[in-house]
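# Remarks on the overall topology
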Amino acid sequence: MAAPHDSTGPAGASDASLPLGKDVAYPSSYQPDLLFPIARQIQRDSLGVGTQRLPFVGADNWTAFELSWLNLRGKPQVALAHLTFPCETTNIVESKSLKLYLNSLNQARFADAAAVRDCLRKDLSEAAWRGSGQTSSIGVRVIEAEDFDAEPVQELSGLDLDRLDIECDHYTPRPDLLRSDHSRAHVSETLTSRLLKSNCPVTGQPDWASVQISYSGPPIDQASLLQYIVSFRNHTGFHENCVEQMFIDIWQRCAPLQLSIQARYTRRGGLDINPFRSSNPQTLPANIRTARQ
């Protein structure tokens with residue numbers, strides 16, 4: 001059994017106990033202490049984003065595809081879970097630790113799906129705010145098997161940037177590629193691409209995503225925007241950080257009046273992570289699943 005993580009460090013635990021990229025025994029009993037929080041501010045510092053007031057609002061929508069437990073008679077149950085972590089939480093939860101935690105539920109007995117939901121909410125909320133002195137609930141919705149057919153699969157809406165025949169020769173983030181035309185009338189448009197790729201900062205494994213950018217303001221040059229998206233190809237960063245970097249770069253370089261960005265990353269380890277950031281408070285986008293997820 002893993003020892004409880006120290007909550008005194010900025011990420012909620014020492015890097016030595018980080019499970020990502022290591023051989024770890026899968027748990028055979030319920031272990032909430034497996035959850036490993038990583039302070040958001042560690043990567044926000046590199047973006048010049050301070051701790052007092054964030055320049056965006058939003059959340060990270062996770063989907064857990066491998067959720068199972070036993071009912072009170074010992075019969076296995078299966079479900080999906082949608083998890084919503086507000087971007088204001090002190091920490092993100094490292095993805096492999098979440099997978100291990102979810103697997104620790106496999107032999108745990110619960111009265112019903114509502115009890116599982118309450119358990120997830122309690123444990124994930126504690127990890128997300130650990131070390132901050134704050135408390136707030138993470139959004140958790142458990143989808144039981146009889147409702148699987150209602151889970152939508154569709155592509156992100158918007159004008160497809162990938163239609164453009166562009167030359168690409170930059171594969172680390174280049175915000176200087178971004179351009180907008182302040183001499184033209186303002187527009188409101190939604191642009192999409194399936195060409196976002198970054199790399200896990202711990203394992204170096206590729207992370208693939210579709211991205212949707214909605215804005216109003218001076219028209220953004222679409223070719224330069226696609227080149228900028230492609231420039232993340234060799235970048236190492238967590239999903240959440242990549243979207244926040246894109247938001248900051250576009251906000252500063254193109255000066256839109258309003259801006260929203262969401263990325264839907266393909267799943268790894270039975271989990272997908274889908275960050276959303278916006279300049280204006282609004283309803284979170286529907287937690288659809290794209291074909292690649």
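Anyway, here's the lowdown on the structure attached to this text. All of these numbers come straight from a predicted model, not from anything done at the bench.

What follows deals with the packing of helix α2 (residues 95–103) against helix α3 (residues 113–129). The interhelical angle for the contact between α2 and α3, taken along N-to-C directions, is 145°, at an axis separation of 12 Å. The way α2 lies across α3 gives a crossing that is right-handed. Contacts from L98, Y101 and L102 of α2 reach α3 at C119, L120, D123 and L124. In terms of residue class, the contact of α2 with α3 is made up of six nonpolar, no polar and one charged.

Here we come to the pattern of salt bridges. This structure, assessed with the given rule, holds 14 salt bridges. Residue R194 is joined to D160 by a salt bridge in which the shortest nitrogen-to-oxygen separation is 3.6 Å. Of this pair, R194 sits in strand β7 (residues 187–199) while D160 sits in strand β6 (residues 159–160), placing them 34 residues apart in sequence. A relative accessible area of 38% means that R194 is categorised as partly exposed. D160 gets classed as partly exposed once you look at its relative accessible area, which sits at 28%. With its nearest N and O atoms 2.8 Å apart, the salt bridge here joins D207 to R268.

Our next topic: the packing of aromatic side chains. Within this structure, the stated rule accounts for five aromatic pairs. Plain terms: the ring middles of F56 and F247 are 5.6 Å apart, the flat faces sit at 80° to each other, and that makes the pair edge-to-face. Note that F56 is positioned in the loop between α1 (41–44) and β2 (57–70) and F247 in helix α5 (residues 239–254), a separation of 191 residues in sequence. Measuring from ring centre to ring centre gives 5.6 Å for W62 and F85, while their planes differ by 50°; the resulting arrangement is tilted. Placement of W62 in strand β2 and of F85 in strand β3 (residues 76–86) is noted, with a sequence separation of 23 residues between them. Its relative accessible area of 2% is what places F85 among the buried residues.

Before going further, it helps to spend a moment on the pairing of β2. The element β2 is extensively covered by neighbouring structure, given that twelve of its 14 residues are classed as buried. Two strands pair when backbone bridges link them, and β2 and strand β10 (residues 271–278) are joined in this way by eight bridges, in the antiparallel orientation. When the sheet's bridge partners are listed, T63 is paired in β10 with D272. Where β2 lies against β3, ten bridges are found, and the strand directions are antiparallel. Bridging from a neighbouring strand, N61 pairs with T84 of β3.

Cut-off values and rules
Residues numbered from 1 in each chain as written. Predicted model: local features only at pLDDT ≥ 70, side-chain atom pairs only at ≥ 80, totals over all residues. Heavy atoms only, no water. Axes fitted to C-alpha atoms, helices over the stretch in contact; angles between N-to-C directions. Helix = DSSP H or I, 4+ residues; strand = E, 2+ residues; numbered from the N terminus. Left-handed = near helix turned anticlockwise from the far one by under 90°. Contact = heavy atoms within 4.5 Å. Nonpolar A, V, L, I, M, F, W, Y, C, P; charged D, E, K, R; others polar. Salt bridge = Lys/Arg side-chain N within 4 Å of Asp/Glu carboxyl O. Buried < 20%, exposed > 50% of the residue type's maximum accessible area, 1.4 Å probe, protein only. Phe/Tyr/Trp six-rings, centres within 6.5 Å; stacked < 30°, edge-to-face > 60°. Pairing = 2+ DSSP bridges.

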